[in-house]
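Summary of structural features
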Amino acid sequence: MIRCAKILEIPDILELTKACAKHMEKTGIFQWNEVYPSRLAFEKDVSRKELFVLESENNIIGCITITPFMDEEYIPVKWLTPNENNIYIHRLAIKPEYQGKGHAQQLMHFAENYARDKGYISIRLDTFSQNKRNQKFYQQRGYQKLENIYFPKQSDYPFYCYELVL
């Protein structure tokens, strides 16, 4: 079941994203760290009703943020569509022991339907340049790779921007 996250669930969500960060580090992907994703980011997501969780047997096993707000790092990117009526995906995470079972696909399917139902013209996101698995995941879903952006507090390596025109 996918539903809006509650403020009291943020500790569980942070535990989930920390587990994902450790799991990625084991494979040489230093995408998330002590700075990101943060409690503050999740609190803002919950207050805007933009953070969704995936539950299995009353346990949160995944999360995704779906927002109409563009991060300032995205401003210089030459997107495929005008900068109006777009949706942005952030902080997609699946507990490591549940990965590889289609749960991320389920969350992205939910996000894409959410965007279509609300009349958005495209979905935009970024993924870490060192995370080949994520790049393949988004490209197989029809997202087009665009320009690079940087998040200096996260990594010296770039992040690749992707967009799916709806």
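Refer to the preceding data block for the structure.
Overview of the structure. Predicted, not measured: the structure shown is a model, and the values here were computed from it.

**Considerations on the sheet that holds strand S2 (residues 51-56)**
Reading across from one edge, S1-S2-S3-S4-S5-S7-S6 is the order of the seven strands in this open sheet, with mixed pairing throughout. This sheet does not close on itself; its edge strands, each paired only once, are strand S1 (2-4) and strand S6 (144-149). The mean angle between the axes of side-by-side strands here comes to 30 degrees, regardless of whether they run parallel or antiparallel. In this structure, strand S5 (residues 122-128) lies alongside strand S7 (residues 159-165), joined through seven bridges in antiparallel fashion.

**Some remarks on the environment of Leu146**
If you trace the backbone, Leu146 turns up in strand S6. Sequence-distant contacts of Leu146, that is, excluding residues within four places in its chain, are made with Lys78, Trp79, Leu80, Cys161 and Glu163.

**Examining the packing of aromatic side chains**
Taken as a whole and assessed by the stated rule, the structure comprises 12 aromatic pairs. Arranged with centres 6.4 Å apart and planes meeting at 35 degrees, the rings of Phe110 and Tyr114 form a pair that is tilted. Here Phe110 pairs with Tyr114, and both are found in helix H3 (residues 103-117), just four residues apart, close to one helical turn. Here the aromatic rings of Phe128 and Tyr157 are separated by 6.2 Å at their centres, their planes lie at 80 degrees, and the arrangement is edge-to-face. Remark: Tyr157 occurs in the loop between S6 and S7 and Phe128 occurs in strand S5; sequence separation between them is 29 residues. Look at Phe128 and you get buried, because its relative accessible area is 1%. The class of Tyr157 is partly exposed, set by a relative accessible area of 47%. Members of the aromatic cluster, each reached through a chain of ring pairs, are Phe128, Phe151, Tyr157 and Phe159. For Arg48, the ring lying beneath its charged end belongs to Phe69, and the centroid distance is 4.0 Å.

**Focus on the packing of helix H1 (residues 10-26) against helix H2 (residues 39-47)**
Contact geometry for H1 and H2: axes closest at 10 Å, N-to-C directions at 130 degrees. If you check the angle between H1 and H2, you find them oblique. Viewed along their axes, H1 and H2 form a crossing whose handedness is right-handed. Contacts between H1 and H2 involve Ile10, Pro11, Ile13, Leu14 and Thr17 from the former and Arg39, Phe42, Glu43 and Val46 from the latter. Here the residues of the contact of H1 with H2 sort into six nonpolar, one polar and two charged.

**Details of H3**
In this model, H3 (15 residues) spans 21 Å end to end at C-alpha, consistent with the 21 Å of a helix rising 1.5 Å per residue. Those residues of H3 lying buried are His103, Leu107, Met108, Ala111, Glu112 and Ala115. One or two positions beyond H3, positive phi appears at Gly119, with a value near 80 degrees.

**Details of the side chain of His90**
Secondary-structure assignment places His90 in strand S4 (residues 86-94). What makes His90 buried here is its relative accessible area of 8%. If near-sequence neighbours (up to four positions away) are discounted, His90 is found in contact with Tyr36, Ile64, Thr65, Thr67, Asp71 and Tyr74.

Analysis parameters
Residue positions are counted from 1 within each chain, in the order its sequence is given. It should be noted that, the model being predicted, local features are given only for residues of pLDDT at least 70 and side-chain atom pairs only at 80 or more, the latter also being counted only at that level, while totals for whole chains, interfaces and linings use all residues. Side-chain figures throughout are based on the complete set of non-hydrogen atoms in the structure, without hydrogens or water. For two strands to be treated as a pair, DSSP must find no fewer than two bridges joining them. Counting from the N terminus, the helices are the DSSP runs of H or I reaching at least four residues and the strands are the DSSP runs of E reaching at least two. Between N-to-C directions, angles span 0 to 180 degrees; the directions come from axes that are lines fitted to C-alpha atoms, helices contributing only their stretch in contact. Here, residues are in contact when the closest pair of their heavy atoms is within 4.5 Å. Each Phe, Tyr or Trp ring (for Trp, its six-membered ring) is paired with any other whose centre lies within 6.5 Å, and the angle between the two planes then decides the class: stacked below 30 degrees, edge-to-face above 60, tilted in between. Between buried and exposed lies partly exposed: a residue is buried under 20% and exposed over 50% of the maximum accessible area for its type, with that area taken using a 1.4 Å probe on protein chains only. Criterion for a charge above a ring: Lys NZ or Arg CZ within 6 Å of the ring centre, and within 35 degrees of the ring normal. Under this scheme an angle from 65 to 115 degrees is roughly perpendicular, one under 35 degrees roughly parallel, and one over 145 degrees roughly antiparallel; angles in between are oblique. Two helices crossing with the near one rotated counterclockwise from the far one by less than a right angle form a left-handed crossing, whereas a clockwise rotation gives a right-handed crossing. Amino acids outside the nonpolar list (Ala, Val, Leu, Ile, Met, Phe, Trp, Tyr, Cys, Pro) and the charged list (Asp, Glu, Lys, Arg) are all regarded as polar, and Gly is one of them. Given a helix with a known number of residues, its expected span is that number minus one, times 1.5 Å.

Everything listed here is a matter of geometry and, on its own, says nothing about what the molecule does.
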